[in-house]
Amino acid sequence: MRPFEYHNPVRIVFGAGAFKRLGDAAAAIGAHALVVSYADEPELTKIVQRGVQQLADSGLRVTPFFQVQPNPEVQMVQRGVQAARDNGVDCVIGIGGGSVMDTAKAIAAGVEYRGGDLWNMVNSRHDRQQVVPPETALPTLMVPTLAATGSEMNNCAVLSHRERGEKSYIWSDCLFPRTAILDPRLTYTLPRLQTACGGVDTISHVMEIYLNGQDQTDLLHAWQEGLMRTVIENLPTALADPRDRQAREELMWCATCAINGWASPGDPWTPMHQIGHVLTARHQVNHATSLALVMPAWMDFFKTAKPERYFRFARRVMHVDPHRRTREQIIDEGLEAFRQFIEQAGLPTRLSQVGIARDQLDPILEDVRRISFNARGQLASNPPVTEQQLMTILEKAL
Ligand SMILES: [Fe+2]
């Protein structure tokens, strides 16, 4: 295993009914909360209203900021920072999915930011010299209503910049939430597509590391396989019966554990996400769909470079029967089963299905190169990916 340091201070309150503890948990971090949520989500509005009532019952003042859109833009975050400053809040509470939680984090850091334009906080970018990471932030509390991004238990946020056409990361230890309340019941009313997207995003967070990270680590690979397998087994159940409590519990805890650092110590790379972010920024496909479009092609390209890993994936995650099959056939069946899993969940797996054609690949490649390639002209991964290889992967994805 690679050497690593690990630190995660987030207090987790997990379980069906845990949402009732919002008031007490919030009172422990502040007295006046900016409550961050989406602009237009009718089902979520009921949950947010319950949350606001609990906060009031616990004696907190509440300033609402219900302006979040998917793929939150830095300009919107700036409005949230202004609302937080104008009203003198002392904590930020996010109730919603990844976009809400990332916005809440960015606002909390933005209120105390002294580095100029908020976009200067973004770490992952080609003009790295301009980065001024945030060092302090208001305390935050997260209530995820979707099992997906894992933002509730990590120190990252993803922001977009419309004029630049970029979507990228802030990370800083000041972004760790103080508390996350994980109540699987809050996911019972999710639309089917959002449930599916959450499951696929969760798998991608683990798969990134499983396929593209370090090689010598039995425990991590077993942990990663268990996370992916649990999502693959429980997502169809949740899609068939949205109120299946156990399936919702499994999906929610998997999403958190997939990207809180436990599955990835020593492995900082998420190359498939780098491609996905460009697809989202350029073609407005949602986050999970962007990954569904990249993963099968990426796997098909690298299966011969890392046959042992792909063999393990086919056997231990996709349960391919090895009887009378060559190793190559087992690997291919595993990849095909994974593609079918994504499609049965309702997401496309080919760029052509979302209207992206061959003549649109060059700008995609150019953006990945500009935003995410390292000084050696490669996309960091194991093995690293060259420009030419990336084009081959994109062509496979058509
Ligand atoms: Fe993701």
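Residues numbered from 1 in each chain as written. Predicted model: local features only at pLDDT ≥ 70, side-chain atom pairs only at ≥ 80, totals over all residues. Heavy atoms only, no water.

Observations concerning the overall build of the chain
Right, on to step 1. Across its full length, the chain carries 13 helices and eight strands.
Right, on to step 2. Against the 2.2 N^0.38 benchmark of 21 Å for 398 residues, the chain shows a C-alpha radius of gyration of 21 Å, consistent with a compact globule.
Right, on to step 3. With the C-alpha coordinates of the chain rotated into their principal frame, the extents come out at 65 × 45 × 45 Å.
Right, on to step 4. Looking at the chain as a whole, 59% of its 398 residues qualify as buried.
Right, on to step 5. Nonlocal contacts in the chain, meaning residues at least 24 apart in sequence, comprise 78% of its contacts between residues at least 6 apart. (Helix = DSSP H or I, 4+ residues; strand = E, 2+ residues; numbered from the N terminus. Rg over C-alpha atoms; globule rule 2.2 N^0.38 Å. Buried < 20%, exposed > 50% of the residue type's maximum accessible area, 1.4 Å probe, protein only. Contact = heavy atoms within 4.5 Å.)

Quick notes on helix H6 (residues 218-240)
Right, on to step 1. The end-to-end C-alpha distance of H6 is 34 Å, a good match for the 33 Å that 23 residues give at a rise of 1.5 Å each.
Right, on to step 2. The principal kink in H6, of about 30 degrees, is found at asparagine 234, preceding the proline proline 236 by one to four residues.
Right, on to step 3. Where H6 begins, the capping side chain belongs to threonine 217, and its oxygen is found 3.3 Å from the backbone nitrogen of leucine 220. (Expected span 1.5 Å × (residues − 1). Bend = angle between axes of the 7 residues up to and from the residue. Polar contact = N/O pair within 3.5 Å; in protein donor to acceptor, adjacent residues only side chain to side chain.)

Examining the coordination of the iron ion
Right, on to step 1. Around the iron ion, the protein contributes the donor atoms Asp201 (OD), His205 (NE2), His273 (NE2) and His287 (NE2), at 2.1 to 2.2 Å from the metal centre.
Right, on to step 2. Of note is the iron ion, whose four donor atoms meet at the metal with angles of 85 to 168 degrees in an arrangement that counts as irregular.
Right, on to step 3. Here the donor residues for the iron ion map to a single chain with the spacing D-x3-H-x67-H-x13-H. Linking histidine 205 in helix H5 (residues 192-212) with histidine 287 in helix H9 (residues 287-302), this pair joins segments that are 82 residues apart in sequence. (Donors = N, O, S within 2.8 Å, 3.2 Å for Na, K, Ca; no water. Tetrahedral: all angles 85-135°; square planar, octahedral: opposite > 155°, others 65-115°.)

Some thoughts on the domain arrangement of the chain
Bring the parts together and some accessible area is lost; that lost area is often taken as the interface size.
Right, on to step 1. According to the domain assignment, the chain contains domain 1 (11-187) and domain 2 (192-396).
Right, on to step 2. A separation of 26 Å is found between the C-alpha centroids of domain 1 and domain 2.
Right, on to step 3. Buried surface at the junction of domain 1 and domain 2, both sides included, amounts to about 2,300 Å², of which 59% is carbon and sulfur.
Right, on to step 4. One salt bridge in this structure joins arginine 370 and glutamate 166, with 2.6 Å as the shortest N-O distance.
Right, on to step 5. Joining domain 1 to domain 2, the criterion identifies five residue pairs in polar contact (both at pLDDT 80 or more). (Domains from an automatic or database assignment. Buried area = accessible area lost by both parts, 1.4 Å probe. Salt bridge = Lys/Arg side-chain N within 4 Å of Asp/Glu carboxyl O.)

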